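What follows is each chain in one-letter form.
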Amino acid sequence: MYGERCALDVKYMVLKNAVEARVEVKVIRLGAIDSGVNLRLHAKTGGFDEVIRLFQGAAPEPGSIRTFVVAVDRRNDLDLYIEAAPRDYPFVGKEKKPMSCSWLHSFEWSDYHGTDECEAKLGEFAELSVKVIWKSYRLWRKAE
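This write-up is about the structure you can find in this document. (Residues numbered from 1 in each chain as written. Predicted model: local features only at pLDDT ≥ 70, side-chain atom pairs only at ≥ 80, totals over all residues. Heavy atoms only, no water.)

### Considering the environment of Gly 57
Here's step 1: Considering the arrangement of structural elements, one finds Gly 57 in strand β3 (residues 52–58).
Here's step 2: Filtering out sequence-adjacent residues up to four positions away, Gly 57 remains in contact with Val 37, Asn 38 and Leu 39. (Helix = DSSP H or I, 4+ residues; strand = E, 2+ residues; numbered from the N terminus. Contact = heavy atoms within 4.5 Å.)

Following this line, the structure appears as structure tokens:
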């Protein structure tokens, strides 16, 4: 289900041995593109063939933060892909427009808790700060 304010993509209801990867994307700078900038953010985690669409649309204003949550198996990494293009060149399927710039980074899961940070530089289109906060949850069972 995709909406103006949120996206909910549920592939599996229960993942054993998984950790939460909270992805925070902050817009540092947008390029001076007359028509504006579109962004596309996808995630992929090992063990699953599907790509998870986190965001696609007009880039938020500089200073804005978008947060997404992805469950990642403890034995796998999280790959994030970001693409930027002018707003008058909309993303169509898997086609890459000639006037776009992309960024790909693999975040290695290292512990039950932790933070990874880096910058995504998308040429003349945008500069983003990307933070992944890893967290695990312990499920408690009542003794019988």
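### A word on the sheet that holds β3
Here's step 1: Read across the open sheet, the four strands follow the order β3-β2-β5-β6; overall the sheet is antiparallel. Only two strands of the sheet have a single partner each, and these edge strands are β3 and β6 (101–107). Averaged over neighbouring strand pairs, the angle between their axes works out to 10° when direction is ignored.
Here's step 2: Strand direction decides the pairing type here: strand β5 (residues 78–86) and β6, joined by seven bridges, are antiparallel. When the sheet's bridge partners are listed, Tyr 81 is paired in β6 with Leu 104. (Pairing = 2+ DSSP bridges. Axes fitted to C-alpha atoms, helices over the stretch in contact; angles between N-to-C directions.)

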